Amino acid sequence: MGYPVGKVAAWSGVTVRTLHHYDEIGLLSPSGRTSAGYRSYSDEDLDRLQRVLFYRELGFGLETIAKVVDDPGLDALEHLRRQRTLLLERIGELSRMVESVERVIKAKEVGGALTPEEKFEVFGEFREPEGYAEEAVRRWGDTPQWQAAAMPLSKAEWSEAEKAREDWVRRLLDVVDSGAPADSAAAMDLAEEHRRMLAAFMGDCDHALHREIAALYATEPVQLGFLVREPDQRPGLGEYIRDAVHANAARAQE
């Protein structure tokens, strides 16, 4: 049984002009002609068209598609197996793309909890670096702590958290300026208070995670800037906080 080009075009979703083009370049030539000379496609032709359209959907060029579908080493079953493999790979790629978009959405949600006016009111002149939210989501977006921290806060909640941070920093600087070492009781107590502040924000922050976070204060200025604004920073402050956190973690294990 032969099928006219118009019906094949309707079934496949491509135009008659496209089918004519495939015939002209030898990619898909109909097996027969009607008595009037019109193209007539067989079931085998439809199978070939299905393969062509599948590979085209995956982004293959027509020259590459022609080589693939004409490969004598691939029968119909092998084509299906190959298509399944390619589809699974595409599913994986799309899943990763969806995850990436979701992470950016979460980053935007976190950054969009306050209006620009409210941010200025709460944080003053401090602003997170451009693209930081997206980078933070890339690094920590899969962790349950980030999931908890990603819930947008109200203006009142941000204000309360900012007051707590300012008070903590003031007391930290008093300890630092007094000359007390990082493993002193006062410094370790502040480290423990900081850990609990983080836990209230992210849902969980054990001593191991706290050490990881504190290590960033010593190596990444942007991380330290979130905790201690630049005008309040002292030389070696990031290392001091890191060492106090490590000392506090060791104290908790005694």
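Keep in mind that what you see is a predicted model, and the values were worked out from it rather than measured.

Rules and cut-offs
- Residues numbered from 1 in each chain as written.
- Predicted model: local features only at pLDDT ≥ 70, side-chain atom pairs only at ≥ 80, totals over all residues.
- Heavy atoms only, no water.
- Helix = DSSP H or I, 4+ residues; strand = E, 2+ residues; numbered from the N terminus.
- Buried < 20%, exposed > 50% of the residue type's maximum accessible area, 1.4 Å probe, protein only.
- Contact = heavy atoms within 4.5 Å.
- Areas by Shrake-Rupley, 256 points an atom, 1.4 Å probe, with all protein chains shown as cover.
- Axes fitted to C-alpha atoms, helices over the stretch in contact; angles between N-to-C directions.
- Parallel < 35°, antiparallel > 145°, perpendicular 65-115°, else oblique.
- Nonpolar A, V, L, I, M, F, W, Y, C, P; charged D, E, K, R; others polar.
- Phe/Tyr/Trp six-rings, centres within 6.5 Å; stacked < 30°, edge-to-face > 60°.
- 1 Å grid on protein atoms, 1.4 Å probe; cavity = no way out; pocket = protein on both sides within 12 Å on 5 of 7 lines; lining within 4 Å.
- Points joined across faces, edges and corners; volume = space filled by probe spheres on them.
- Salt bridge = Lys/Arg side-chain N within 4 Å of Asp/Glu carboxyl O.
- pLDDT = per-residue confidence, 0-100.
- Left-handed = near helix turned anticlockwise from the far one by under 90°.
- Pairing = 2+ DSSP bridges.

J.: What is the right way to look at the overall build of the protein chain in this model?
T.: When helices and strands are tallied, the protein chain shows 13 helices and 3 strands. Residue burial in the protein chain is summarised as follows: out of 254 residues, 35% are buried. Sequence separation of at least 24 residues holds for 62% of the intrachain contacts in the protein chain that already meet a minimum separation of 6. Total accessible area on the protein chain stands at roughly 15300 Å², and carbon and sulfur atoms take up 54% of it.

J.: Explain the packing of helix α9 (residues 155-177) against helix α13 (residues 237-253) to me, please; I cannot follow it from the model alone.
T.: Packed helices, taken two at a time, are described by the angle their axes make and the gap between the axes. Interaxial distance between α9 and α13 falls to 12 Å at its minimum, and their mutual angle equals 95°. Our classification of the angle between α9 and α13 gives roughly perpendicular. Listed contacts from α13 to Leu172, Leu173, Val175 and Val176 of α9 are Leu237, Tyr240 and Ile241. Its residues assigned to classes, the contact of α9 with α13 shows 7 nonpolar, no polar and no charged.

J.: Help me understand the packing of aromatic side chains in this model?
T.: One pair of aromatic rings is described through two measures. These are the centre distance and the angle between the planes. Going through the model one piece at a time under the given rule, you end up with 3 aromatic pairs. Aromatic pair phenylalanine 54 and tyrosine 55: ring centres 5.5 Å apart, planes at 75°, arrangement edge-to-face. The exposure class of tyrosine 55 is buried, given its relative accessible area of 0%. One aromatic cluster is present, formed by Phe54, Tyr55 and Phe60 through successive ring pairs.

J.: Honestly, empty space enclosed by the protein in this entry has me stumped. Any pointers?
T.: Any empty space left between atoms is shown by rolling a water-sized probe over those atoms. Scanning the entire structure with this criterion turns up 1 cavity of 30 Å³ or more. Among the elements of the structure, α9, α10 (185-202) and α13 are those that each provide at least two residues to the lining of the largest cavity. Broken down by element, the lining of the largest cavity gets its largest block of residues, 3 residues, from α10. Here the residues of the lining of the largest cavity are counted per class, giving 7 nonpolar, no polar and no charged.

J.: Is there a simple way to explain the pattern of salt bridges in this structure?
T.: Opposite charge on two side chains allows them to pair when their charged atoms are near. Per the stated rule, a full pass over the model turns up 15 salt bridges. Aspartate 23 is paired through a salt bridge with arginine 33; the nearest N and O atoms lie 3.7 Å apart. Here aspartate 23 is found in helix α2 (residues 16-24), whereas its partner arginine 33 is found in strand β2 (residues 32-33), with 10 residues between them in sequence. Here aspartate 23 falls in the buried class, since its relative accessible area comes to 15%.

J.: What is the right way to look at the confidence of the model for the protein chain in this model?
T.: A low pLDDT score tells you not to read the predicted coordinates there in detail. Residue-level pLDDT values for the protein chain average 83, and 77% of them are 70 or greater. When pLDDT is averaged over each element of the protein chain, α13 comes out on top at 96 and helix α8 (residues 144-149) at the bottom at 56.

J.: Before we go on, may I ask you to explain the packing of helix α1 (residues 5-12) against helix α3 (residues 43-57) in this structure?
T.: One way to put it is that α1 packs onto α3 with a least axis distance of 12 Å and a crossing angle of 40°. Taken together, the axes of α1 and α3 lie oblique to each other. Viewed along their axes, α1 and α3 form a crossing whose handedness is right-handed. Two secondary-structure elements touch here, α1 through Val8, Trp11 and Ser12 and α3 through Leu46, Leu49 and Leu53. Class assignment of the residues belonging to the contact of α1 with α3 gives a composition of 5 nonpolar, 1 polar and no charged.

J.: What am I meant to see in the side chain of asparagine 248 here?
T.: If you trace the backbone, asparagine 248 turns up in helix α13. The exposure class assigned to asparagine 248 is buried, which follows from its relative accessible area of 2%.

J.: Explain the sheet that holds strand β1 (residues 3-4) here, please?
T.: As a general point, the strands of a sheet are linked pairwise by backbone hydrogen bonds and lie either parallel or antiparallel. Ordered in space as β1-β3-β2, the 3 strands form an open sheet in which the pairing is antiparallel. Since the sheet does not close on itself, it has two edges, and those belong to β1 and β2, each with one partner. Note: β1 against strand β3 (residues 39-41), 2 bridges, orientation antiparallel. Within β3, the position partnered with tyrosine 3 by the bridge is tyrosine 41.

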